[in-house]
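Each chain, letter by letter, is given below.
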Amino acid sequence: MHAVKHPIATDENVATAHLTSFHYGSPGTGKKIYIQAAVHADEVPAMLVAHVLRQELERLDAEGRIHGEIILVPAANPIGLSQVIHGTPFGRYDLATGINFNRLYRHVADALKQSLEGRLGSDIDANVALIRAAAREQVALWEPESNVETLKKTLLSMAVDADIVLDLHCDNEALLHMYTGTPLVETVAPLTALLGARVLLVAKASGGEAFDEACSRLWWDLADHFEGTAIPPACAAVTVELRGENDVRYDYARLDAAALLQYLGHAGVLDIPLLPLPETPCRATPLNAVEPLAAPHAGVLVFHKKLGDMVEAGEPVADIVNPVSGQVTTLVAGHAGLLFASTAHRHLLRGMHVCKIAGTESFRSGDLLSA
């Protein structure tokens, strides 16, 4: 194992000056795995899971039981970790620009469509190697215009050529759920089962250029462009939402880390005793079948339903109670589904997020991720 410090900021603020990554195994000897935690810096459960993973990976590396390369970034956003507003950590958006730390990553597919023209053939392995090399080159050409872009380039440069990318997050309040590309459903099914995820949200393009899609979407974009060429979905990138922000517990962290290690074991990266795969706890849900509910006016949020409840179309989910005017508005589900995520706040302003319901029928379009 060795640690690498990556310069992020040019100012004198030591807290935001460096990003640290930990490297295990040997590059070029097997699959490459990239794992990062808390690119939204106030999503603390991911960092605790990364802490447990680091302990286990150090032991496995010392015992020579890693076949390939694993990169772990246990705190992926030192800039966000330094941001505090009136005593409250604020790590989802960059305070200088207002930009989400998990949006606007460089999507290199369009550039590769030009640079790889006439260079791909019928040899899958050769194509994968060529695409990965070209992707690395394109990320290296990215000229950051801010500290945040430097951070994003640094993270993407470590992950864009990986076989598996695990981006660890959490929601405000939520059941454990995951996001991935539609072509990857079968590949990530073992991870869904091992983590016991209640929802697997899928899309070919969710909008916003999130980190996981910057790593994985280029493969099916290129396959669609170079039709008939042997291009597999060679990067299994997954965003894992580790429940809610306050679910920072050793028992959860150990269970989640063990599931991730089992996934890597089943993928042939770790020489560990393998447990039988559990049954997959959910079917893939199209991301455009998720219904977000928002507050129609300011007031106190009172839920009729709780996380994990199935909701029927037209069924009451929550009330917004204005204590001054006495106005009470009941929010109802427009579509049937599973209530899997909600806000932790109990007084909302007009337009603020209330909850998300995972349905089965696609009905949304455009950018499908929250801001």
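Procedures and definitions
Residues numbered from 1 in each chain as written. Predicted model: local features only at pLDDT ≥ 70, side-chain atom pairs only at ≥ 80, totals over all residues. Heavy atoms only, no water. Axes fitted to C-alpha atoms, helices over the stretch in contact; angles between N-to-C directions. Helix = DSSP H or I, 4+ residues; strand = E, 2+ residues; numbered from the N terminus. Parallel < 35°, antiparallel > 145°, perpendicular 65-115°, else oblique. Left-handed = near helix turned anticlockwise from the far one by under 90°. Contact = heavy atoms within 4.5 Å. Nonpolar A, V, L, I, M, F, W, Y, C, P; charged D, E, K, R; others polar. Buried < 20%, exposed > 50% of the residue type's maximum accessible area, 1.4 Å probe, protein only. 1 Å grid on protein atoms, 1.4 Å probe; cavity = no way out; pocket = protein on both sides within 12 Å on 5 of 7 lines; lining within 4 Å. Points joined across faces, edges and corners; volume = space filled by probe spheres on them.

Caption draft 1: Molecular detail of the packing of helix α6 (residues 147–159) against helix α8 (residues 211–225). Viewed as axis vectors pointing N to C, α6 and α8 meet at an angle of 40°, and their least axial separation amounts to 10 Å. Considering the angle they form, α6 stands oblique to α8. Of the two elements, α6 crosses α8, and the hand of that crossing is right-handed. Contacts from Leu155, Leu156 and Ala159 of α6 reach α8 at Phe211, Ala214 and Cys215. A per-class count over the contact of α6 with α8 returns 6 nonpolar, no polar and no charged.

Caption draft 2: Representation of the environment of Leu222. Of note, Leu222 is situated in helix α8. Judged by its relative accessible area of 0%, Leu222 falls in the buried class. Between the C-alpha atom of Leu222 and that of Ala109, which follows or precedes it by 113 residues, the distance is 6.5 Å. Filtering out sequence-adjacent residues up to four positions away, Leu222 remains in contact with Ala109, Leu112, Lys113, Leu116, Ile131 and Ile231.

Caption draft 3: Layout of empty space enclosed by the protein. Within the structure shown, the criterion is met by 1 cavity of 30 Å³ or more. Volume-wise, the largest cavity comes out at about 40 Å³. Contributing to the lining of the largest cavity are Pro45, Leu48, Val49, Leu242, Arg243, Asp247, Arg249, Tyr252, Ala253 and Asp256. Looking at the lining of the largest cavity, the elements with two or more residues in it are α2 (44–62), β11 (236–244) and α9 (250–266).

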